[in-house]
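Chain residues, written in single-letter form:
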Amino acid sequence: MLSPADLPNDIDALKALLLASERLLQQRDNQLAGLTEQLNTRAVEIEHLKLQIAKLRRMQFGRKSEKLDHQIEQLELQLEDLQADEGEAAREMPAADRAPRKKSARRPLPDHLPRDEKVYAPPTDACPACGGGLRPLGEDVAEQLEFVPASFRVIRHVRPKLACSCCDAIVQAPAPSRPIERGIAGPGLLAHVLVAKFADHLPLYRQSVIFAREGVELDRALLASWVGAASALLRPLVDAIRLHVLAASKLHADDTPIPVLAPGNGKTKTARLWTYVRDDRPSGDATPPAVWFAYTPDRKGIHPQTHLAKFEGVLQADAYAGFNALFDDGAIREAACWAHARRKFYDLHAARPTTVTTEALRRIAELYVIEAEIRGRPPNERRLIRQDRSRPLVDDLERWLRATLETLSRKSDTSAAILYALKLWPALLRYCDDGAVEIDNSAAERALRGVAIGRRNYLFAGADSGGERAAAIYTLIGTAKLNGVDPEAWLRHVLAHIADHPVNRVNDFLPWHCAAQIPSN
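Rules used in this analysis
Residues numbered from 1 in each chain as written. Predicted model: local features only at pLDDT ≥ 70, side-chain atom pairs only at ≥ 80, totals over all residues. Heavy atoms only, no water. Helix = DSSP H or I, 4+ residues; strand = E, 2+ residues; numbered from the N terminus. Expected span 1.5 Å × (residues − 1). Contact = heavy atoms within 4.5 Å. Phe/Tyr/Trp six-rings, centres within 6.5 Å; stacked < 30°, edge-to-face > 60°. Buried < 20%, exposed > 50% of the residue type's maximum accessible area, 1.4 Å probe, protein only. Core = buried A, V, L, I, M, F, W, Y, C linked by side-chain atoms within 4.5 Å. Bend = angle between axes of the 7 residues up to and from the residue. Polar contact = N/O pair within 3.5 Å; in protein donor to acceptor, adjacent residues only side chain to side chain. Axes fitted to C-alpha atoms, helices over the stretch in contact; angles between N-to-C directions. Parallel < 35°, antiparallel > 145°, perpendicular 65-115°, else oblique. Nonpolar A, V, L, I, M, F, W, Y, C, P; charged D, E, K, R; others polar.

Caption draft 1: Quick look at helix α8 (residues 355-374). An ideal rise of 1.5 Å per residue puts 28 Å on 20 residues; α8 measures up with 30 Å between its terminal C-alpha atoms. In the core, the buried residues of α8 are packed alongside α7 (338-351), α9 (379-405), α10 (413-423) and α11 (425-433). Once α8 ends, the next one or two residues include G376, with phi positive near 95°.

Next up, the structure:
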């Protein structure tokens, strides 16, 4: 620090010294500003990393994690053992010492189940007390639920030959068709194998083991050949469902990864299963719902553009950039998903709640309350209610998001969540102006849940052809479920008749057309 003795007496020298001091101070201010900016940036990055770590920990230890599933399974097993011990102790305890059990309301057994009646008549027709005759007084009936294991059965197709006594001509009924030519599998067995693999997520090798326990040796290669032959037979029906789906004026779309074994190197590649759902029941439309799955070896945008080349209407999907080209000419209008926008805030809130995330979730929840009230009403009524009640809430939410954004660092995760919503705002707003559009894309996400479960069990598909077969069978099973039809019973009916059916009348086998012909058991 300079002392008065160190200062020059010359005015010009003093001016030069002052200017030098000013430049030094300016340099320090610039350095300080730079360091402050670096500290702010690092603070944001640290906060981002903390949120990511918290999110990953929540995923690792959250409700759907394998670790918690294992803990739940252990607790359930412990509970089962305790209940079994209680039942065993009650059985061994003398009747006089048993504490009175609290009776809980027991649900009646379903009426649709077949009943086998066993009558237990008294051992004698005479009164054991006086020998007098007995007359009917009534009866006590108690029902017991029993399980009859599934079993194999051999169907013998016998065709007698008859010879004419006059001309020696031979008369014989034609052989009935089979789902697989010269195959031993009946339609019921084929339907069971398909549903077990693609709906119950049992790989073929596990099914082979289960069948072996029944004394029937069906190796995995044979089962795989049946799956391939059955999917080829059902392909016209899959095409009919695809045409029905794409004839809609509004679709839900989504995709999910599926590992596929790459040829040659033994490694897997990441392919995609795309789902397109037609379901207008929430807007009061009675048109049967349906879902079409498509397989592609990658996630390039050309695939959904090809799938929807002839579609016109509203497409409800996430913000995947591959869909953007579909909206260029206006034939397809974009409707965004409020569930995706909400999820951005929810992930932050679950990791570290803030006033911003709490308020954002509260405001979006108000929109869903209105949707729950108007679900199933006609489109015009839904549009009017949304314009009157939802639109003001959405407009106010937009103003709040923009004002909140000005108070946050643009590099923060909360800003990213806000910017995600604002970027899609016109598409998020579309549902308010169209009563046929849903608030979110949950229909497509529900369609993909079964794929996610199966993906864990299968590990990977063996080839692109396997992915295409999976898409075809998922289409059939998903469409049956959407229409409240038992997929196995429906496929059994279809496989029993489709081989002899005219291909130009394959629509007869759509679930909503043949549901009445499907046996109930």
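Read on for the rest.
Caption draft 2: Spotlight on the packing of aromatic side chains. Inspection of every chain in the model, using the stated rule, returns eight aromatic pairs. A ring pair is formed by F293 and Y474, whose centres lie 5.7 Å apart and whose planes are at 45°; its orientation type is tilted. A residue pair is termed long-range when its members are at least 10 positions apart, and F293 in strand β5 (residues 290-296) and Y474 in helix α13 (residues 464-482) qualify at 181 residues. In this structure F293 comes out as buried when scored by relative accessible area, which is 3%.

Caption draft 3: Seen up close, the nonpolar core. Among the nonpolar cores identified, the biggest contains 72 residues, and L308, L315, F323, L476 and W490 are the most heavily contacted of them. Among the elements that make up this core, the one with the highest residue count is helix α5 (residues 220-246) (11 residues). With residues up to four places along the chain from it excluded, the contact list for L308 reads L246, L251, Y276, L315, L326 and I332.

Caption draft 4: α5, seen in detail. The sharpest bend along α5 comes to roughly 45°, located at R235, with the proline P236 sitting one to four residues further on. For α5, the N-terminal cap is D219; the gap from its side-chain oxygen to the backbone nitrogen of A221 is 3.1 Å.

Caption draft 5: Here's a closer look at the packing of helix α3 (residues 187-198) against α13. Look at α3 against α13: their axes get within 10 Å of each other, and the N-to-C directions meet at 100°. As far as their axial angle goes, α13 and α3 are roughly perpendicular. Of the residues in α13, those touching α3 at L194, V195 and F198 are A470, I473, Y474 and I477. Looking at side-chain class alone, the contact of α3 with α13 contains seven nonpolar, no polar and no charged residues.

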